[in-house]
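Here are the chains, one letter per residue:
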Amino acid sequence: MCVILAGTILKVLESFFKPVVLAVLLAAVFYPLVKKLNTKCRIPWILGIVIVYVIFLIIFTGLFNILSSSLLSIIDSYPRYEERFQTIYTAIQKSFTENSDSSLLNFFFDVNQDQTLLENISSQLNIFSIVKNFALNFTNFLAGFLKSSFLVLLLSIFLILEMKCTKLKIEKAFSSQNSDKIHDMLGRIATDITHYISIKFFISLATGLLVFLSCLIVKIDFPLIWAFLAFILNFVPTFGSIISWASTTAFAFLQCYPHPFPVVFIALTVLTINLVLGNIVEPKIEGENLGISPFVILVSLSLWGWLWGFLGLILAVPLIVIIKIFCENISFLQPIGILLGSIKRTKLSQK
């Protein structure tokens with residue numbers, strides 16, 4: 001009942017909780033930087049916060065300007081790509097309609113001869129509805145993030161200011177035994193979340209840079225857009241990389257048809273980048289520090305994606321890590337923490 005009630009509250013009050021959760025995660029990322037500036041460089045705490053956030057705003061503003069100019073270029077080039085799409089569509093439709101009784105399309109679908117090929121595929125697979133919903137969620141996420149960015153920054157700044165004296169507050173609020181336990185739990189949460197986000201950020205950045213270089217090699221238009229898409233979607237486990245690969249390959253096909261080499265090159269290169277960085281490099285660096293079951297991650301993606309849309313997909317893993325650590329540090333919730341953990345982590349704890 002508590003879980004259902006919590007889910008209902010998170011769904012109903014999502015406009016309130018989203019900026020707060022983003023501010024907490026942003027503060028968790030910037031807190032180690034501010035702390036290093038304070039301890040190693042002897043820079044005052046407030047001045048360190050100002051330095052970190054000014055650098056962040058400069059990078060964010062520059063990236064936003066580059067992306068906005070690229071998006072305007074896409075809008076200006078839309079008629080040219082619409083014409084190419086119509087050419088490809090006509091060629092595919094002609095190849096299917098010439099021998100419709102024995103075509104591969106008829107093997108999988110019941111083709112309505114009164115509809116076009118595009119209408120047949122859309123009615124059978126509902127592709128346009130899926131793409132439309134994803135694009136709408138992604139657009140709403142960006143619009144909501146930009147609208148609430150000032151509030152997120154303000155909340156995260158005040159939270160980092162509070163973090164300096166968190167230990168003292170906990171010691172005064174709780175008994176010595178409980179205060180140590182709470183402090184250790186908050187320290188584990190901060191360490192694991194910072195560890196996950198930092199690794200994910202650099203892996204996503206490397207993915208975006210490699211996709212950008214791949215697009216430059218075969219002269220695919222708007223390489224910054226596909227690099228940014230790969231960077232953002234890499235934060236969504238499994239599904240993000242698939243969507244990034246499919247969209248980049250589809251655009252390469254649209255631009256380069258009927259020449260196969262650029263399309264094959266982009267498809268194989270982006271697939272290799274995602275497989276190597278996502279399935280080999282990232283697990284090796286990350287190790288078993290998070291210790292979350294893959295099944296739990298997929299369920300978490302479905303749940304948080306339904307609750308908060310695209311933002312929920314990005315926040316799913318950090319939030320499930322927080323829930324797992326919280327359960328592990330409360331005696332009657334420890335069985336839930338074990339069930340949320342991975343098999344390797346459970347075997348290591350038994351040894």
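Here, residues in each chain are numbered from 1, in the same order as that chain's written sequence. Local features in this predicted model are restricted to residues whose pLDDT is 70 or higher, and side-chain atom pairs enter the listing and the counts only when it is 80 or higher, whereas totals over whole chains, interfaces and linings include all residues. Heavy atoms from the whole structure form the basis of all side-chain values; hydrogens and water molecules are not counted.

What follows concerns the overall build of the protein. Under the DSSP-based scheme used, a helix requires at least four consecutive residues in state H or I and a strand at least two consecutive residues in state E, with every element numbered from the N terminus. Each helix and strand in the protein was counted, giving 16 helices and 0 strands. Each residue's exposure class comes from its accessible area (1.4 Å probe, protein chains only) as a fraction of the maximum for that residue type: buried when under 20%, exposed when over 50%, partly exposed otherwise. Sorting the 351 residues of the protein into buried and exposed places 36% on the buried side. To measure how exposed things are, a 1.4 Å probe is used in the Shrake-Rupley method; for residues, cover is taken only from the protein chains shown. Looking at the protein as shown, the accessible area adds up to about 21,300 Å², and 72% of this sits on carbon and sulfur atoms.

What follows concerns the packing of helix 11 (residues 223–233) against helix 12 (residues 239–256). Two packed helices can be described by the angle between their axes and the distance between those axes. With axes taken as lines fitted to C-alpha atoms, and helix axes fitted only over the stretch in contact, angles between N-to-C directions fall between 0 and 180 degrees. Running from N to C, helix 11 and helix 12 point in directions that differ by 165 degrees, and their axes come no closer than 8 Å. Viewed along their axes, helix 11 and helix 12 adopt a mutual orientation that is roughly antiparallel. The crossing of helix 11 and helix 12 is right-handed. In contact with W226, L229, A230 and L233 of helix 11, helix 12 contributes G240, S241, I243, S244, S247, T248 and F251. In the contact of helix 11 with helix 12, the residues fall into 6 nonpolar, 5 polar and no charged. Here roughly perpendicular refers to angles of 65 to 115 degrees, roughly parallel to angles under 35, roughly antiparallel to angles over 145, and oblique to all remaining angles. Helix crossings are classified by the rotation of the near helix relative to the far one: an anticlockwise turn of less than a right angle makes the crossing left-handed, while a clockwise turn makes it right-handed. Whether two residues touch is decided by their heavy atoms; if any such pair falls within 4.5 Å, the residues are in contact. Amino acid classes used here: Ala, Val, Leu, Ile, Met, Phe, Trp, Tyr, Cys and Pro are nonpolar; Asp, Glu, Lys and Arg are charged; the rest, including Gly, are polar.

Any carboxyl oxygen of Asp or Glu that lies within 4 Å of a side-chain nitrogen of Lys or Arg is treated as forming a salt bridge with it. Summed over all chains, the structure comprises 1 salt bridge. Between K18 and E14 there is a salt bridge, with its nearest N and O atoms 3.1 Å apart. With K18 and E14 both in helix 2 (residues 14–39), this residue pair falls 4 residues apart, about one helical turn. Of the residues examined, E14 reaches a relative accessible area of 23% and is grouped as partly exposed.

On to unusual backbone geometry, then. With phi around 60 degrees, R42 is a residue other than glycine that occupies positive phi space. Among the secondary structure elements, R42 is positioned in the loop between helix 2 and helix 3 (45–76).

Moving on, we come to the confidence of the model for the protein. Looking at the protein, the pLDDT average stands at 76 and 77% of residues meet or exceed 70. Here residues 346–351 is a poorly scored stretch, pLDDT under 50, and it has 1 contact once near neighbours within four places are set aside; other chains count. Known as pLDDT, the predictor's per-residue confidence is scaled from 0 to 100.

Right, let's talk about a nonpolar patch on the surface for a bit. Patch definition: residues above 30% relative accessible area lacking any salt bridge, with like charges linked at up to 9 Å and the nonpolar side chains Val, Leu, Ile, Met, Phe, Trp and Tyr linked at up to 5 Å. On the surface, a cluster of nonpolar side chains totalling about 1,100 Å² of accessible area is made up of I46, L47, V50, I51, V54, I55, I58, I59, F150, L154, F158 and L161. Listing elements by their share of the nonpolar patch, those giving two or more residues are helix 3 and helix 8 (149–163). Here the nonpolar patch takes 8 residues from helix 3, the largest share from any one element. Assignment of secondary structure puts L47 in helix 3. The exposure class assigned to L47 is partly exposed, which follows from its relative accessible area of 43%.

All right, on to the side chain of S241 then. With respect to the helices and strands, S241 occurs in helix 12. Using a relative accessible area of 18% as the deciding quantity, one classes S241 as buried.

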